[in-house]
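The lines below spell out each chain.
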Amino acid sequence: MPGENPPSLPPNFDTASFPKLQNDLYLRAARGEKTERAPVWCMRQAGRYLPEFRAIRVEHDFFRVCRTPELATEVTIQPLRRYAGLLDAAIIFSDILVVPQAMGMQVEMVPGKGPHFPDPLRDPHDVSRLVDLEEGFSVDKELDYVYKAITNTRHTLQGQVPLLGFAGAPWTLMAYMIEGGGSKTFALAKTWLFKHPEAARQLLSRIADVVAVYLVGQVRAGAQALQLFESWAGELGPADFAQFSLPYLSRIAAFVKQKAPHVPLTVFAKGAHYALEQLALSPFDVISLDWTIDPREARRRVDEACAGLSKKVVLQGNLDPTLLFGSPDVIRKRTEEMCRAFGSAHIANLGHGMMPTHDPEHLRVFLESVHAASKTS
């Protein structure tokens, strides 16, 4: 049966050696190499749309799953088990908000509402509550449970596909830390940018330092590629993105590339189409696109930005997630159109994450359609 759990194995936290990788399609594509078809995976491919995930959540709090390596591994593996042979990457089950937690903030996941910070940062003086500058603070110690989940998952995957690690980007994390959760206007967070710009830069810089060390720690634990999520990039205009997001994205990417130059690094700056050229010239290897830009335009602009350089930027994306609410025929048609628009070199994905009310079988249609539509002769 789809999603049926196999017998559980004891956890394995040995980072000295891992099973040999059998499917390197994603890694080759992320390095800009020619592939026989587009690799495919999906943001939030482990999540609430899967009944097997919901069964675990009945018994365990969201962050308990994140903090328990065996549970995080099981949830990470669930889509690989259900869609055997169709996914070309796994992404560790965690959350971008583990970084604010590590920095000393309380974060709750409220059913039906989402993340909630009971005591957000309302003015610059509140930053004194953060612990990342305190003597003895260790990113690796605070987030060791994520590292253990990554290591255990690498062993459990048995080399089926590469394992991706990830983190939230500084502006997105800062927005959550100040707003206290999601927002329609981001008025509180943007007030910091315009009323307290120096305090905002200092906070962004501190978050960037934590995220950079955290991502390198994930590689050390066994992550074979990384993605940085700037989910609220589109809430900033071009000038503000250039000042309050891009420098910190680039700083993190440069640090990671210095420490782990072999590891492909993806940026997903949702809604920041105006910054495609700047992102193309940053240290990232892959730019993930949302569904509101034509891949042909993105490819043209990125190629023009990199003209004369040896760098080849790979694109990822970008089917509108709500298309999975359509009929199988619609999903097939639109997926084929997406693959044609990207051309021969891309990583197939959705333009954002899976949604809780998606039909799991409709994701199967998307995955099968990518396999069929993106094959090269």
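(A) Focus on the overall build of the chain. Helix and strand content of the chain: 16 helices and nine strands. On C-alpha atoms alone, the chain measures out to a radius of gyration of 20 Å, which is about the 21 Å that the 2.2 N^0.38 rule sets for 377 residues. With respect to the three principal axes, the spread of C-alpha positions in the chain is 60 × 50 × 40 Å. Taken over 377 residues, the chain has a buried fraction of 56%. Restricting to contacts in the chain with at least 6 residues of sequence separation, those with at least 24 account for 76%. Element-wise, carbon and sulfur atoms account for 52% of the exposed surface of the chain, whose accessible area totals about 15700 Å². Side-chain charges in the chain split into 41 positive and 42 negative, and the spacing between the mean points of these groups amounts to 3 Å.

(B) Expanded view of the packing of aromatic side chains. Scanning the model with the defined rule gives nine aromatic pairs in all. With a centroid separation of 5.5 Å and an interplanar angle of 55°, the aromatic rings of Phe53 and Phe93 are classed as tilted. One end of the pair, Phe53, is in helix H2 (residues 51-59); the other, Phe93, is in the loop between strand S1 (90-91) and helix H5 (98-102), with 40 residues separating them in the sequence. The burial state of Phe53 is the same as that of Phe93; both residues are buried. The ring of Phe13 has Lys148 lying over it, and the distance from NZ or CZ to the ring centre is 5.8 Å.

(C) Summary view of unusual backbone geometry. Across the junction of Gly317 and Asn318, the peptide omega takes the value -15°, indicating a cis bond. Even without being glycine, Arg44 reaches a positive phi, approximately 60°. Within the fold, Arg44 resides in the loop between helix H1 (25-30) and H2. Not every positive phi belongs to a glycine, and Gln158 is a case in point at roughly 55°. Within the secondary structure, Gln158 is located in the loop between helix H7 (144-157) and strand S4 (163-168).

(D) Layout of the nonpolar core. Membership of the largest hydrophobic core comes to 135 residues, with the highest contact counts inside it found for Met177, Phe241, Ile287 and Phe366. It is helix H10 (residues 197-221) that provides the largest number of residues to this core, a total of 13 residues.

(E) Spatial organisation of the pairing of strand S5 (residues 225-230). Burial analysis of S5 places six of its six residues in the buried class, the great majority of the element. Residues Ala225, Gln227 and Phe229 of S5 are buried on one face, and the alternating residues Leu226, Leu228 and Glu230, pointing to the opposite face, are buried as well. Of the pairings in the sheet, the one linking S4 to S5 comprises five bridges and is parallel in character. Residue pairing for S5: Gly168 is matched across the bridge by Phe229. Judged from the five bridges that link them, S5 and strand S6 (residues 265-269) form a sheet pairing that is parallel. The residue of S6 that forms the bridge with Gln227 is Thr266.

(F) Geometry of H10. Taking 1.5 Å of rise per residue, 25 residues should cover 36 Å, and H10 covers 36 Å from first to last C-alpha, within 8% of that figure. Remark: Gly222 follows H10 within two positions and exhibits a positive phi of approximately 130°.

(G) Highlighting the side chain of Arg301. Assignment of secondary structure puts Arg301 in helix H14 (residues 295-305). Exposure remark for Arg301: the relative accessible area of 12% places this residue in the buried category. At 2.8 Å, the side chain of Arg301 and the side chain of Glu277 are in polar contact.

How each quantity is defined
Residues numbered from 1 in each chain as written. Predicted model: local features only at pLDDT ≥ 70, side-chain atom pairs only at ≥ 80, totals over all residues. Heavy atoms only, no water. Helix = DSSP H or I, 4+ residues; strand = E, 2+ residues; numbered from the N terminus. Rg over C-alpha atoms; globule rule 2.2 N^0.38 Å. Buried < 20%, exposed > 50% of the residue type's maximum accessible area, 1.4 Å probe, protein only. Contact = heavy atoms within 4.5 Å. Areas by Shrake-Rupley, 256 points an atom, 1.4 Å probe, with all protein chains shown as cover. Lys, Arg positive; Asp, Glu negative; His and termini not counted. Charge placed at Lys NZ, Arg CZ, Asp CG, Glu CD. Phe/Tyr/Trp six-rings, centres within 6.5 Å; stacked < 30°, edge-to-face > 60°. Lys NZ or Arg CZ within 6 Å of the ring centre and 35° of its normal. Core = buried A, V, L, I, M, F, W, Y, C linked by side-chain atoms within 4.5 Å. Pairing = 2+ DSSP bridges. Expected span 1.5 Å × (residues − 1). Polar contact = N/O pair within 3.5 Å; in protein donor to acceptor, adjacent residues only side chain to side chain.

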